[in-house]
Amino acid sequence: MRDSTRRALERAAELTRNNLLVDAMALAEPVILAADEYESAEIRQWLLEHADDFTREI
């Protein structure tokens, strides 16, 4: 996965934890949609492994 993609996902998780879901989606959606099939698989795996990043208390 590209570093820029990982940073976008990490930032989206941070925004989600701060109750800024619309902003998180606006950031993550274009990155996810632009990913090729290989990066999409890596994104799915990253999301599975980091689901708690989006929900844990800050």
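Every chain's residues receive numbers from 1 upward, in the order its sequence appears when written. The predicted origin of the model limits local features to residues at a pLDDT of at least 70 and limits the giving and counting of side-chain atom pairs to 80 or more, whereas totals for whole chains, interfaces and linings rest on all residues. The basis for the side-chain values is all heavy atoms of the structure; hydrogens and waters are excluded.

Draft legend 1. View of the packing of aromatic side chains. Each Phe, Tyr or Trp ring (for Trp, its six-membered ring) is paired with any other whose centre lies within 6.5 Å, and the angle between the two planes then decides the class: stacked below 30 degrees, edge-to-face above 60, tilted in between. Here the structure, examined in full by the defined rule, presents 1 aromatic pair. Both rings, one in Trp46 and one in Phe54, keep their centres 6.3 Å apart while their planes meet at 85°; by these two values the pair is edge-to-face. Accessible area is worked out with a 1.4 Å probe on protein chains only. A residue is then buried under 20% of its type maximum, exposed over 50%, and partly exposed in between. For Trp46, a relative accessible area of 5% translates into the label buried.

Draft legend 2. View of the pattern of salt bridges. The salt bridge definition used is simple: a Lys or Arg side-chain nitrogen within 4 Å of an Asp or Glu carboxyl oxygen. Counting across every chain of the model gives 3 salt bridges. For the salt bridge of Arg2 with Glu39, the shortest nitrogen-to-oxygen distance reads 2.9 Å. You can see Arg2 sitting in the segment before helix 1 (3-17) and its partner Glu39 sitting in helix 3 (residues 37-49), a full 37 residues away along the chain. Strands are runs of DSSP state E lasting at least two residues, helices are runs of H or I lasting at least four, and both sets are numbered from the N terminus onward.

So, to be careful, I would describe these as geometric facts and stop short of saying anything about function.
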